[in-house]
Amino acid sequence: MSPQAVTEEGTEHLRAADPVKRGLVDEYGPLSEVLRRRGRRPEEPYGALLRSIVGQQLSTKAARAIWERTLAVFDGRVPSPEELLAVDPERLREAGNSRPKAAFMRDLAEHVLRGDLELDRLDELTDEEISAELTAVKGLGQWSADMFLIFHLGRPDVLPVGDLGVRNAAKIAYNLRKLPSPDRLKRLARPWRPYRSLASLYLWRSLDNEPA
């Protein structure tokens, strides 16, 4: 089934399953490809994961600027694992990356070169198996795995319970007194299955908030 068909089927499911979601879908309408990707360019998996490390705990604007400076170290392109390991980590730091992030980027490259993370076979794995492989890399936590599953693999039923934007949007949309805990968000999201990724996109859209 095409991504567009999944989205159309998903919006109808959300409208029928949850009156709050019905309100969001009716207010914002079908999400375009741009909104579904939240501004991310299509990239190969290794580059997407590198960018995820670079952008952690930064505003979207800052993350984009440091990513561009990081690419400039490699003549404007995503480096291969071999190229990244060959460069002096100080050059990554001069581009704006912290010392830990430079180390995380190197750990990712080492995992790929050793074959511990086989990026070309991720589509064969379940969401849980992919999360386990990604979070074995230093600097890639569950939030990074969730973002990768949603935006780069297009998995339809991912709920990023650790994302502050999703939690804050849920608090507003469902008129909650405080930010929902991960467990509360999971309970709230039960009717959204199997389209929790799309439901999350509508929550981000309601804040006009782009995860870094």
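As the structure is a computational prediction, the values presented were derived from the model and not from experiment.

(A) Region of the structure containing the packing of helix H11 (residues 164-173) against helix H13 (residues 196-207). For the pair H11 and H13, interaxial distance at closest approach is 8 Å and the crossing angle is 75°. Between H11 and H13, the interaxial angle falls into the category roughly perpendicular. Touching Gly165, Val166, Asn168, Ala169, Ala170, Ile172 and Ala173 of H11 are Ser200, Leu203, Trp204, Ser206 and Leu207, all from H13. Partitioning the contact of H11 with H13 into residue classes produces eight nonpolar, four polar and no charged.

(B) Quick look at the nonpolar core. With 56 residues, the main nonpolar core has Leu49, Leu108, Leu117 and Trp192 as its most contacted residues. Those residues within four positions of Leu108 in sequence are excluded, and the remaining contacts are Tyr46, Leu49, Leu50, Ile53, Leu117, Val137 and Leu140.

(C) Region of interest: the packing of aromatic side chains. One pass over the full model with this rule turns up two aromatic pairs. Between Phe151 and Trp204, the ring centres sit 5.5 Å apart and the planes meet at 35°, which makes this aromatic pair tilted. Of the two residues, Phe151 is situated in helix H10 (residues 142-151) and Trp204 in helix H13; the sequence distance between them amounts to 53 residues. With respect to class, Phe151 is no different from Trp204; both count as buried. The positively charged end of Lys21 is found above the aromatic ring belonging to Trp192, 3.9 Å away from the centroid.

(D) Structural view of the pattern of salt bridges. One pass over the full model with this rule turns up ten salt bridges. Note that Asp116 and Arg114 form a salt bridge whose closest N and O atoms lie 2.7 Å from each other. With a relative accessible area of 42%, Asp116 lands in the partly exposed category.

(E) View of the side chain of His111. Checked against the element boundaries, His111 lands in helix H8 (residues 99-114). Among residues more than four places away in sequence, those in contact with His111 are Asp116, Leu117, Ala136 and Val137.

(F) A look at the environment of Pro89. Inspection of the secondary structure puts Pro89 in helix H7 (residues 89-94). The exposure class assigned to Pro89 is partly exposed, which follows from its relative accessible area of 32%. For the pair formed by Pro89 and Met105, sequence separation is 16 residues and the distance between their alpha carbons is 9.6 Å. Setting aside chain neighbours within four positions, we find Pro89 in contact with Ala102 and Arg106.

Quick notes on the rules
- Each chain carries its own residue numbering, running from 1 in the written order of its sequence.
- Per-residue local features are limited, in this predicted model, to residues with pLDDT of at least 70; the limit for side-chain atom pairs, both in listing and counting, is 80 or more; totals at the level of whole chains, interfaces and linings are taken over all residues.
- Working from all heavy atoms in the structure, the side-chain values ignore hydrogens and water.
- Angles here are taken between N-to-C directions and fall from 0 to 180 degrees, while the axes themselves are lines fitted to C-alpha atoms, restricted in helices to the stretch in contact.
- A run of H or I in DSSP counts as a helix once it spans at least four residues, and a run of E counts as a strand once it spans at least two, with each numbered from the N terminus.
- The scheme is simple: roughly parallel for angles under 35 degrees, roughly antiparallel for over 145, roughly perpendicular for 65 to 115, oblique for anything else.
- Contact definition: two residues touch when any of their heavy atoms are within 4.5 Å.
- Residue classes follow a fixed rule: Ala, Val, Leu, Ile, Met, Phe, Trp, Tyr, Cys and Pro count as nonpolar, while Asp, Glu, Lys and Arg count as charged, and any other residue, Gly among them, counts as polar.
- Each nonpolar core is a collection of buried residues, namely Ala, Val, Leu, Ile, Met, Phe, Trp, Tyr and Cys, held together in the definition by side-chain atoms within 4.5 Å.
- Categorising residues by exposure relies on relative accessible area from a 1.4 Å probe, with only protein chains included: less than 20% of the type maximum marks a residue as buried, more than 50% marks it as exposed, and the intermediate range marks it as partly exposed.
- Between 30 and 60 degrees the pair is tilted, below 30 it is stacked and above 60 it is edge-to-face, where a pair is any two Phe, Tyr or Trp rings, Trp via its six-membered ring, whose centres lie within 6.5 Å.
- Charges are assigned to positions over rings by a cutoff of 6 Å between ring centre and Lys NZ or Arg CZ, combined with an angular limit of 35 degrees from the ring normal.
- By salt bridge we mean one thing: a side-chain nitrogen of Lys or Arg within 4 Å of a carboxyl oxygen of Asp or Glu.

By themselves, these observations are geometric and do not establish any function.
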